[in-house]
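Observations on chain architecture
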Amino acid sequence: MAAISRDEVANLARLARIAMSDAELDHLAGEMDVILGAVARVQEVAGKDVPATSHPLDVNNVVREDEVLPSLLPSEALSGAPASEDQRFKVPQILGEE
Amino acid sequence: MSIRDNASQMATALANKEISAVELTNQHYQQIEAVDKDVHAFLHLDKEGAISQATEIDKKRAAGEKLSPLAGVPLALKDVLTQKGVPTTCGSKILEGWRPPYDSTVVSKLKSAGIIILGKTNMDEFAMGSSTENSAFGPTHNPWDLSRIPGGSGGGSAAALAAFEAPLSIGTDTGGSIRQPAAVTGTVGVKPTYGGVSRYGLVAFSSSLDQAGPCARTVLDTALLHQVIAGFDPKDSTSINHAVPDVVAAAKKLEVKGMKIGIVKQLSGSGYQKGVENKFNEAIVELVKLGAEIVEVSCPNFEYALAAYYLIAPSECSSNLARFDSIRFGLRVGDDGSKGAEEVMNLTRQAGFGREVKRRIILGTYALSSGYYDAYYGSAQKVRTLIKRDFEAAFEKCDVLVSPTAPTTAFKIGEKADDPLAMYLNDIATIPVNMAGIGGMSLPCGLAEEDGLPVGFQIMSPAMKDDRMYIVGGALEAALLAKWGKPILDFAPKLAGSK
């Protein structure tokens, strides 16, 4: 049995906000099955007594003094935006008609 | 003075006013003009910026100002680091045309040191790949054989060195993207200790693994560049606030007598191309002649490193690449007034991302999803602990660890393009270093008998002991140079039109 179905891949693509054609989904579902088969072996050695490592360093939250420093001008911050208006990012509609 | 000289030789010629920074920069652009149509190491050239930078350096030198050692020497920058006003694509259509409004810390440091940035180099899209074939702008070709890959993801940065288009370059290494390209192009590349070089302005792929580092044609040049870009940066919360080890003195030491060098059992023996294994073993013989002590160490959990990496890196990438949402920068597709933000986002990401990036985002989304998190991402994090422990135990017995850098020499373009798993295996020997956040170097150790292509020798050192890999690398390089009679790149066929 496949580790992952085509429907599951379609759902993941939806969650990841990537539109996919039927051909892309067919292809990716096959590849995902092979890759998941190969990476599943991490479970062989991951015993309950082994702590997880999320990062190579002991990461602590870093804070600095709250001081005013130079930052980007609105024109600079918007310089790469696909669309802008009145010093704001212009986005497509985010709510329905109602 | 020739463009085939090393960066240190160029620096001396500049200091002695035998050549100006403008002349040196122009000579490199002439070489790029002559060979880059075949090599395709660069995605973008910033001639205007580079010449103006070089003019400034020449003025300062004429005025007798004290300059840093590499002032006026040209460099090629991987297109994953921001440079203000200069296109930064990460090899992706989704960022095509984006000009960042700020410099990465690496670029700020290069500019302060007077290093001339010639342009941005080609790479696998968002640094995901081992061949540079995943670039949305076409592959880079290996200067040793144009039908072969230059490694990846930093194939452009490595090829630029091997084609004498630049004496220095910057790479980034998440699972081997500096070291494997160095190995297959006969150049030197170093992944510093994680946190040693700031990630500010490095477009994130896998934040707990990504690290920028220096690339050059010699160990000493690599060390000189390392010294420039390393150091604490308050703009990166994972930057290490600790003095940078003296890597330049280490590269000049040329003395390994009494050092303990560990061969990792799991990264040696079968599984490597015959010529790779042979050249690695011959380099070990040289180290023994120099008085180093060789010990064998076992790191049993390295066997699981590749599997764990291909869960951790995609998981972090699925989160990091969410920022490419068609709102703040880059591509926007389908915004014709009739579609909502989500649909525009879906269409933009479909058009803007290539196959490997989509594959990894989907894999990461799966590994992080509820119901699968513990089995996949959670287990991979536990493997990471086991790998760290293996390294800790190994470094109790030796000063550095060594292995071949890559399982094979450069393969043909297209050979593995349709087989993701075969491609992933290129990183089998380089990944453990990233998982533990330690330092790793690749330097050339010879040409494989069967194909005449360069082989890389990997040296791994404990966290913040980066000087150790430079000590061993410098000494081995000197011994091999004496044996060969000339630098390894002098054995490469001359490119058409090359100086």
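Just above, that's the structure.
A few points on the structure. Keep in mind that what you see is a predicted model, and the values were worked out from it rather than measured.

Some details on the overall build of chain B
In terms of regular secondary structure, chain B is built from 16 helices and eleven strands. Expected size for 499 residues packed as a compact globule is a radius of gyration near 23 Å; at 21 Å, chain B falls within 12% of this value. Principal-axis analysis of the C-alpha atoms places the extent of chain B at approximately 70 × 55 × 45 Å. Relative to its full complement of 499 residues, chain B shows a buried share of 65%. Long-range pairs, those at least 24 residues apart, make up 76% of the contacts in chain B with a sequence separation of at least 6. When the accessible surface of chain B is split by element, carbon and sulfur atoms take 51% of a total near 16,000 Å². Of the charged side chains in chain B, 51 are positive and 55 negative, and the gap between their average positions amounts to 2 Å.

Let's talk about helix H7 (residues 219–229) of chain B
Taking burial as the measure, the eleven residues of H7 of chain B include nine buried ones, the bulk of the element. Every buried residue of H7 of chain B is accounted for by Val219, Asp221, Thr222, Ala223, Leu224, Leu225, His226, Val228 and Ile229 of chain B.

Section: the interface of chain B and chain A
On the chain A side, the residues contacting the 63 residues of chain B number 55 residues. Summed over both partners, the interface of chain B with chain A comes to about 4,900 Å²; 67% of that surface belongs to carbon and sulfur atoms. A per-residue breakdown of the area chain B buries against chain A is headed by Tyr304, Ile362 and Lys382 of chain B, which together make up 13% of the total. Between chain B and chain A we count six salt bridges in total.

Digging into the environment of Glu415 of chain B
Residue and element names in this part refer to chain B. As for its position among the elements, Glu415 is in the loop between strand S9 (400–404) and helix H14 (420–424). Residues Glu415 and Val244, spaced 171 residues apart in sequence, show a C-alpha to C-alpha distance of 41 Å. A polar contact of 3.0 Å, which involves the side chain of Glu415, links it to the backbone nitrogen of Lys412.

Here we look at the layout of surface pockets
All names here are of chain B. The computed volume of the largest pocket comes to approximately 550 Å³. Asn6, Arg217, Thr218, Glu477 and Leu481 are the residues nearest the centre of the largest pocket, which is lined by 27 residues in total. In terms of residues, the lining of the largest pocket owes the most to one element, helix H16 (residues 466–484), which gives six residues. Here the residues of the lining of the largest pocket sort into 15 nonpolar, six polar and six charged. Approximately 330 Å³ is the volume found for the second largest pocket. Forming the boundary of the second largest pocket are 14 residues, of which Tyr102, Leu202, Val203, Ala204 and Arg323 lie nearest the centre.

As for empty space enclosed by the protein
Residue and element names in this part refer to chain B. Overall, the coordinates contain four cavities of 30 Å³ or more when judged by the stated rule. Lining of the largest cavity is provided by 13 residues; of these, Gly196, Ala230, Val244, Pro245 and Met464 occupy positions nearest its centre. Of the residues contributing to the lining of the largest cavity, the split by class is six nonpolar, six polar and one charged. Along the lines of polarity and charge, the residues of the lining of the second largest cavity split into five nonpolar, six polar and two charged.

A short note on the pairing of S9 of chain B
Residue and element names in this part refer to chain B. Among the five residues that make up S9, five are buried, leaving the element largely enclosed by the rest of the structure. With three bridges joining them, strand S7 (residues 260–264) and S9 adopt parallel strand pairing. Directly across from Gly262, in S9, lies its bridge partner Leu401.

Quick word on the packing of aromatic side chains
To describe a pair of aromatic rings, one takes the distance between the centres and the angle between the planes. All names here are of chain B. Counted under the stated rule, the structure contains 14 aromatic pairs over all chains. Taking 4.9 Å as the distance between ring centres and 80 degrees as the angle between the ring planes, the aromatic pair formed by Tyr309 and Tyr310 counts as edge-to-face. We classify Tyr310 as buried; its relative accessible area is 3%. Aromatic ring contacts, followed pair by pair, group Trp98, Phe126, Phe324, Phe329 and Phe353 into a single cluster. Positioned over the ring face of Phe411 is Lys416, at 4.3 Å from the centre of the ring.

Quick word on helix H2 (residues 22–39) of chain A
Given a rise of 1.5 Å per residue, 18 residues ought to cover 26 Å, and the 26 Å separating the end C-alpha atoms of H2 of chain A matches this to within 8%. Listed in full, the buried residues belonging to H2 of chain A are Leu25, Leu28, Ala29, Glu31, Met32, Ile35, Leu36 and Val39 of chain A. Contact partners of the buried residues in H2 of chain A: helix H1 (6–15) of chain A together with helix H10 (305–320), helix H12 (355–368), helix H13 (374–397) and H14 of chain B.

Considerations on the side chain of Thr172 of chain B
Residue and element names in this part refer to chain B. Of note, Thr172 is situated in strand S4 (residues 168–172). Owing to a relative accessible area of 3%, Thr172 belongs among the buried residues under this scheme. At 2.7 Å, the side chain of Thr172 forms a polar contact with the side chain of Lys78.

The rules behind the values
Residues numbered from 1 in each chain as written. Chains lettered and ligands numbered in written order. Predicted model: local features only at pLDDT ≥ 70, side-chain atom pairs only at ≥ 80, totals over all residues. Heavy atoms only, no water. Helix = DSSP H or I, 4+ residues; strand = E, 2+ residues; numbered from the N terminus. Rg over C-alpha atoms; globule rule 2.2 N^0.38 Å. Buried < 20%, exposed > 50% of the residue type's maximum accessible area, 1.4 Å probe, protein only. Contact = heavy atoms within 4.5 Å. Areas by Shrake-Rupley, 256 points an atom, 1.4 Å probe, with all protein chains shown as cover. Lys, Arg positive; Asp, Glu negative; His and termini not counted. Charge placed at Lys NZ, Arg CZ, Asp CG, Glu CD. Buried area = accessible area lost by both parts, 1.4 Å probe. Salt bridge = Lys/Arg side-chain N within 4 Å of Asp/Glu carboxyl O. Polar contact = N/O pair within 3.5 Å; in protein donor to acceptor, adjacent residues only side chain to side chain. 1 Å grid on protein atoms, 1.4 Å probe; cavity = no way out; pocket = protein on both sides within 12 Å on 5 of 7 lines; lining within 4 Å. Points joined across faces, edges and corners; volume = space filled by probe spheres on them. Nonpolar A, V, L, I, M, F, W, Y, C, P; charged D, E, K, R; others polar. Pairing = 2+ DSSP bridges. Phe/Tyr/Trp six-rings, centres within 6.5 Å; stacked < 30°, edge-to-face > 60°. Lys NZ or Arg CZ within 6 Å of the ring centre and 35° of its normal. Expected span 1.5 Å × (residues − 1).

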